[in-house]
Amino acid sequence: KEEAISLVTRVKYGAVSATVPQTSLHRSCRWYSVSHLSVKERIDQKRQAALQGGGQQRIEAQHKRGKLTARERVQLLLDPESFVETDMFVEHRCADFGMEQDRNKFPGDSVVTGRGRINGRLVYVFSQRGNSILCDILFVLQDFTVFGGSLSGAHAQKICKIMDQAMTVGAPVIGLNDSGGARIQEGVESLAGYADIFLRNVMASGVIPQISLIMGPCAGGAVYSPALTDFTFMVKDTSYLFITGPDVVKSVTNEDVTQEELGGAKTHTTVSGVAHRAFENDIEALLNLREFFNFLPLSNQDPAPIRESHDSSDRLVPSLDSIVPLESTKAYDMLDIIHAIVDERDFFEIMPNYAKNIVVGFARMNGRTVGIVGNQPKVASGCLDINSSVKGARFVRFCDAFNIPIITFVDVPGFLPGTAQEYGGIIRHGAKLLFAFAEATVPKITIITRKAYGGAYDVMSSKHLRGDVNYAWPTAEVAVMGAKGAVQIIFRGKENQAEAEAEYVEKFANPFPAAVRGFVDDIIEPATTRKKICQDLEMLASKKQVNPWKKHANIPL
Amino acid sequence: MTLWMIGNMAAHSVPSTLKRLLFAVKYSPLQSRCCAVQREAQYSTISIPSEKTFDKILIANRGEIACRVHVKMADEAVCVGSAPTSKSYLNMDAIMDAIRVTGAQAVHPGYGFLSENKEFAKRLAAEGVAFIGPDTHAIQAMGDKIESKLIAKAAKVNTIPGFDGVVKTAEEAVKIAQEIGYPVMIKASAGGGGKGMRIAWNDEETREGFRFSSQEAASSFGDDRLLIEKYIDNPRHIEIQVLADKHGNALWLNERECSIQRRNQKVVEEAPSTFLDPVTRRAMGEQAVQLAKAVQYSSAGTVEFLVDSKKNFYFLEMNTRLQVEHPITECITGLDLVEQMIRVAKGYQLQHTQDDIPINGWAIECRVYAEDPYKSFGLPSIGRLSQYQEPLDLDKVRVDSGIQEGSDISIYYDPMISKLITYGATRAEALGRMEDALDNYVIRGVTHNIPLLREIITHPRFVSGHISTNFLPEVYPDGFKGHQLEADAKRELLASAAVLYITAELRSAKVLGTQRVASTPVECSHWELCVELGEERQDVEISKSGTVYTVEMDGAKVEVWGALNLASPLLPLTINGTQRMLQCLSRDAAGVIVLQYLGTLFKVRVLSKLAAELNSYMPEKVSEDTSSILRSPMPGTVVAVSVKPGDTVAEGQEICVIEAMKMQNSLTAVKQAKVKSVHCKPGETVGEGDLLVELE
């Protein structure tokens, strides 16, 4: 008994909970139904069992898989001693298949929920117990699949509870997902549990930031909760996301595919675009999540957070004066520009390996969080295509929803032509990015570094879409299209194409046509870009702009 | 005091693209000092305002060299073609056009490229344009290694025994080598310095050396003649600067010790040499002057000698141009060599006599290269200088460079970033300054050799002056491995990393601005962390009192304080009372901090105690087996591929040859195996790490 109490105390101060031998756990499990214990003793025992999770063996097994336990993850994610747990005593209510037996009930069920602080800021968190004793018992009972279900009605209820509270106080929710899917024994109750969570995900969308970190299998219905949240991160080699696993795929489509190929971190961060970033292991993922959290406001009612900046806001960046090559066909790396301009070269890129022709991510300017969108001339000339439009649009909408100013670097030759793009619906997908920039009411600053051609010019946060401050570098070319194409149309069949091209370049391949019409506010020396943006953001901090009342807009999905 | 008019072409309008530029410079002797380039080098030359000068000089060279010839910002720049040197700086027609376009009256060729090309000098003479350098006759005589030795012999200059003639075939090379007796040295006749120079210890190596040297000679100089001579083991490379006018006057301006070399290219130079006594110095100087006079030399030139351990010296060659390492001579003699060259070209007499030439203090030059010193003491690296800051705020430090933040280092030229020169009343003072200068030099975006430079100048053998041209392979027989930390230094490094980590953590916890849900302030002044360096893990305890951090580990205490600016690449810290300049290269969310400490980069990981404990459960990710994969060790051009799929290669057999920065590098098989696939072909450009050949 004393041992149990001392364990609780130690856990409270951050020690790892797994120090009690297995036998003691078994003893405590057995004690649940023993009524001669006092209420106080029973509380302590249940609390101990909840903290233990699956006991030492299971913890070791989880560690052997290169994974941490649900509680260890929470401890690493949150500031030391800041975690306040809820629903430690919740147990599942399933009465079938022997589940009603006490030995199959565990305090807290298969998820740890509560609230805590990241760098002092409030956050709600749930962490699913991929190694829960329930999972293994279910393997035995069902022998159904390695991803034996673990989401019970009780599990869902716990998650819903913290989400509701997060909504009422206005603080983000972070989900650490490690769960196989519905708990088969519970049947429809488990499905109802999913739907309850989905509904809350949708209601919370745009109100509080929601982040999912996939740290184990996440299959079937379970995948839709991460999909509804703002950001989905994955852990390489140990996490999977798919609707149906390789076995079902084989039986339905006769495709041979591994879990990793079907829904591993690489697939989702490079091919499907389902996940926003992947990290090497649990620890790197959790530490990066802390870093990422620092960029976000707590809710849509809060301004973007401001961090103390050691990087002076009027720093000149001379290297930018020579970064854009004179040959307009030559590539350069937009990330070089971004790194050089933002505070301390610190840029948290979102989806760095998907649709690389557009770069999006978070950074700070004079300490203030900003969202950066930039065409990437290094990849496919920085053109807009289906994937890059969708990637950009979703990011812009997140920033707009959470009061994060958007800085757009434009070097875009246009939309990607071709049947693949047209058949794939580039028209409606491209429209998403256009829609997102147009409806955004946060401060919008745009810098045209080189090409801004055709419709893509309009799309990329142009003055016409209510850009607050639009700059052109001296290398900017705002035009309907490149000189060659334009000359072929204007002077079709005429001789002296080269001369005409030179004339076109002289007339249009420069920032003046846009500047004389006021479509850009100024032509600036690249070296001064950081200084200007910092000043503009200061001025725009009080920006107020309201879109007409509507139930919601109808973005072309 | 000399002055070169600074043109008004701002640096940023010189694009760092493939355009190759020539600089046309207006020159006039005004009474003021050139900025930056000559800080504290108190030149004794007095400009005479009445002396008539050239109105316009064309500097037919690139970046660093053009700048040294004194104008960071020239008045005009002319593009001479695309990046490969054979199409730009070696393209005489383009340069002659540039002269006509700019109306330049004189041409300063800098060094390398056309500086020792007699054809070029001839063509200039035909156009009536002054060549700032010696007469064609002297260039021709000294440019030919064979002839130069004959002339040297005739002028009673000591020459290397076993000297022989021009070589046409590999077998002829072998025969000559055997006659001289191994070891022999093989190099391009037309090439200067160590370019194209290879040492052969047997017939096989002679054949290989012949092949490489002739190819290199052709690609770099357009002249594939070779030279074979006796190779002196364990020598020092000491050279004498000479200066002569067109009136038969000649001076020797003391020596430069250039023994620290890698692959026969100079890395660290100093003036004077610790090795020469006044008698030897005078003997060498006088022989150098005899040689200059023997060819009616005018302008600045360098006579290179090999010096053995008994202070016997042998004439090696004469460079009829300004040398890269000339600034150290300027430092200790107070003469501005470029100014003197221009005066001489204009026909003036020397202003000095031999007695006027002093040795004032000591000067050291480090060549800062864009290369990876961990690979064969330096294989080229390329990239864009994302951050670049020269240590110009330090006293008595001079940096000659032709690059700036944002410049691209490409595969087309010599990978030199700059020449870093420090000066002091004594050698120790100059070396101390060099340490500081290297620590304060910020270069990001390309791999550079500062780790190696700093190790060399602080190595006991170097400090004691006990050096030879074999210094690097002798001191680092297994290759350069970076600074080896001693216990104290390691503690300082770990403590600095931990303090940086805490500084960042404390800042993250301080959220400015208004929030609806208040933050819980993190009030902590004591931390327990775990710091990892390589395989080692160290528990540390940190407490903060005021601005001072006390870091405890292993029972030892390290006190750290300083300007902890998280945005600055430089991290000036006071560690246990000693001032140290560290550099922070990166800091990531997972606790990895890359610090430059004592010149070398160290990757340190700082984790909370809990994270470190749990980190032990994280699986090690397996990296690919590299023994069957040949990747390009550097960016460059594929010159030859010697294998095709299906071939069986023996261990050490050549697989392909990559040329980068004018050096040809043979890549060999590390094991016997069958070639599975070849992913490159001759002429192709490859990047560092690109897959070239796969073995089975």
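Owing to the predicted nature of the structure, the values given are computational and were not obtained by experimental measurement.

Rules and cut-offs
Residues numbered from 1 in each chain as written. Chains lettered and ligands numbered in written order. Predicted model: local features only at pLDDT ≥ 70, side-chain atom pairs only at ≥ 80, totals over all residues. Heavy atoms only, no water. pLDDT = per-residue confidence, 0-100. Contact = heavy atoms within 4.5 Å. Pairing = 2+ DSSP bridges. Helix = DSSP H or I, 4+ residues; strand = E, 2+ residues; numbered from the N terminus. Axes fitted to C-alpha atoms, helices over the stretch in contact; angles between N-to-C directions. UniProt positions renumbered as here; feature names shortened; annotations may be inferred. Buried area = accessible area lost by both parts, 1.4 Å probe. Salt bridge = Lys/Arg side-chain N within 4 Å of Asp/Glu carboxyl O. Polar contact = N/O pair within 3.5 Å; in protein donor to acceptor, adjacent residues only side chain to side chain. Nonpolar A, V, L, I, M, F, W, Y, C, P; charged D, E, K, R; others polar. Buried < 20%, exposed > 50% of the residue type's maximum accessible area, 1.4 Å probe, protein only. Parallel < 35°, antiparallel > 145°, perpendicular 65-115°, else oblique. Left-handed = near helix turned anticlockwise from the far one by under 90°. Core = buried A, V, L, I, M, F, W, Y, C linked by side-chain atoms within 4.5 Å. Domains from an automatic or database assignment. Phe/Tyr/Trp six-rings, centres within 6.5 Å; stacked < 30°, edge-to-face > 60°. Lys NZ or Arg CZ within 6 Å of the ring centre and 35° of its normal.

Q: Would you take a moment to explain the confidence of the model for chain A for this structure?
A: Note that predicted coordinates carrying low pLDDT should not be read in detail. All names here are of chain A. Per-chain confidence: chain A averages 86 in pLDDT, with 86% of residues scoring 70 or above. The low-confidence segment residues 1-31, where pLDDT is below 50, has 42 contacts with residues more than four positions distant or belonging to other chains. Note on residues 133-149: pLDDT under 50 across the span, and 40 contacts to partners over four residues away in sequence or across chains.

Q: Explanation requested: the sheet that holds strand 10 (residues 236-244) of chain B in the structure shown.
A: Strand pairing in a sheet is mediated by backbone hydrogen bonds. Such pairs are either parallel or antiparallel. All names here are of chain B. Taken in spatial order, the eight strands of this open sheet run 14-13-10-11-12-15-22-20, and their pairing is antiparallel. On the outer flanks of this sheet lie strand 14 (313-319) and strand 20 (397-401), each paired with one strand and no other. Averaged over all pairs of adjacent strands, the angle between strand axes in this sheet comes to 25 degrees, irrespective of strand direction. Across four bridges, the pairing between strand 11 (residues 250-262) and strand 12 (residues 265-271) is antiparallel. Residue pairing for strand 12: I260 is matched across the bridge by V268.

Q: What am I meant to see in the UniProt feature "domain: CoA carboxyltransferase C-terminal" (unreviewed entry) in chain A here?
A: Under the feature "domain: CoA carboxyltransferase C-terminal" (unreviewed entry), the UniProt entry names residues 312-551 of chain A. As a span, residues 312-551 of chain A carries 36% helix and 19% strand, and end to end its C-alpha atoms are 43 Å apart.

Q: Would you mind going over the interface of chain B and chain A with me for this structure?
A: The parts lose accessible area when they come together, and the size of an interface is often stated as this lost area. Facing the 42 residues of chain B at the interface are 51 residues of chain A. Buried surface at the junction of chain B and chain A, summed over both partners, amounts to about 4100 Å²; 56% is from carbon and sulfur atoms. Sorting the residues of chain B by area buried against chain A places R507, R516 and M618 of chain B first, and these three jointly supply 15% of that buried surface. Our count for the contact surface shared by chain B and chain A stands at three salt bridges. The shortest N-O distance in the salt bridge between R587 of chain B and E344 of chain A comes to 3.5 Å. On the surface where chain B and chain A come into contact, there are eight residue pairs in polar contact (both at pLDDT 80 or more). Listed by contribution, the elements that provide at least two residues to the side of chain B that touches chain A are helix 15 (487-508), strand 24 (511-512), strand 32 (600-608) and helix 16 (609-615) of chain B. Among the residues making up the side of chain B that touches chain A, the classes are represented as 19 nonpolar, 13 polar and 10 charged. As paired strands, strand 9 (residues 306-307) of chain A and strand 24 of chain B are joined by two bridges and run antiparallel to one another.

Q: What exactly am I supposed to notice about the environment of R256 of chain B here?
A: Residue and element names in this part refer to chain B. By the element assignment, R256 lies in strand 11. Take R256: its relative accessible area is 0%, and that puts it in the buried class. Note: C-alpha distance between R256 and E339 (83 residues apart in sequence) is 20 Å. Beyond its immediate stretch of four places on either side in the chain, R256 contacts H237, I238, E239, Q241, E270, A271, T302, Q323, E325, H326, I328 and T329. One polar contact links R256 to Q241, side chain to side chain, over a distance of 2.7 Å. Of note is the side chain of R256, whose polar atom sits 3.0 Å from the side chain of T302.

Q: I tried to follow the packing of helix 7 (residues 153-169) of chain A against helix 8 (residues 188-204) of chain A on my own but got confused; where do I start?
A: Packed helix pairs are specified by the crossing angle of their axes together with the interaxial distance, meaning the distance between the axes. Residue and element names in this part refer to chain A. Where helix 7 contacts helix 8, the two axes come as close as 8 Å, and the packing angle between them is 15 degrees. Taken together, helix 7 and helix 8 sit at an angle that is classed as roughly parallel. Crossing angle aside, the handedness with which helix 7 passes helix 8 is left-handed. Residues G153, A156, I159, C160, M163, D164 and M167 of helix 7 form the contact with helix 8, whose own contacting residues are E189, G193, D196, I197, R200, N201, M203 and A204.

Q: Would you take a moment to explain the nonpolar core for this structure?
A: Grouped burial of nonpolar side chains is what soluble globular proteins tend to show. Residue and element names in this part refer to chain A. Within the largest apolar cluster, 99 residues are counted, with the highest numbers of intra-cluster contacts made by I174, L176, F292 and F362. The dominant element in this core, judged by the number of residues it contributes, is helix 13 (residues 282-293), at seven residues. Here this core gathers at least three residues from each of two domains, domain 1 (39-294) and domain 2 (320-476 + 520-540). I174 has contacts with L77, I118, V123, Y124, V125, F126, I211, L289 and F293, leaving out every residue within four places of it along the chain.

Q: Quick question: what am I supposed to make of the packing of aromatic side chains here?
A: What characterises a pair of aromatic rings is the spacing of the ring centres plus the angle enclosed by the ring planes. Enumeration according to the criterion identifies 25 aromatic pairs over all chains in this entry. Consider the rings of F120 of chain B and F131 of chain B, whose centres lie 6.2 Å apart with planes at 85 degrees: the pair is edge-to-face. Here F120 of chain B is found in helix 3 (residues 118-127), whereas its partner F131 of chain B is found in strand 5 (residues 130-131), with 11 residues between them in sequence. Note on Y374 of chain B and F480 of chain B: the rings are 5.2 Å apart at their centroids and 45 degrees apart in plane angle, and the pair reads as tilted. Here Y374 of chain B is found in the loop between strand 16 (371-372) and strand 17 (379-380), whereas its partner F480 of chain B is found in the loop between helix 14 (471-475) and helix 15, with 106 residues between them in sequence. The exposure class assigned to Y374 of chain B is partly exposed, which follows from its relative accessible area of 37%. According to the relative accessible area criterion, F480 of chain B is buried, its value standing at 2%. One aromatic cluster is present, built from ring pairs that chain together F231, F233, F279, F292, F295, F348, F362, F395, F398 and F402 of chain A. Positioned above the aromatic ring of Y369 of chain B is the side chain of R262 of chain B, whose terminal nitrogen or guanidinium carbon lies 4.9 Å from the ring centre. Over the aromatic face of F462 of chain B sits the side chain of R427 of chain B, whose NZ or CZ is 4.9 Å from the ring centroid.

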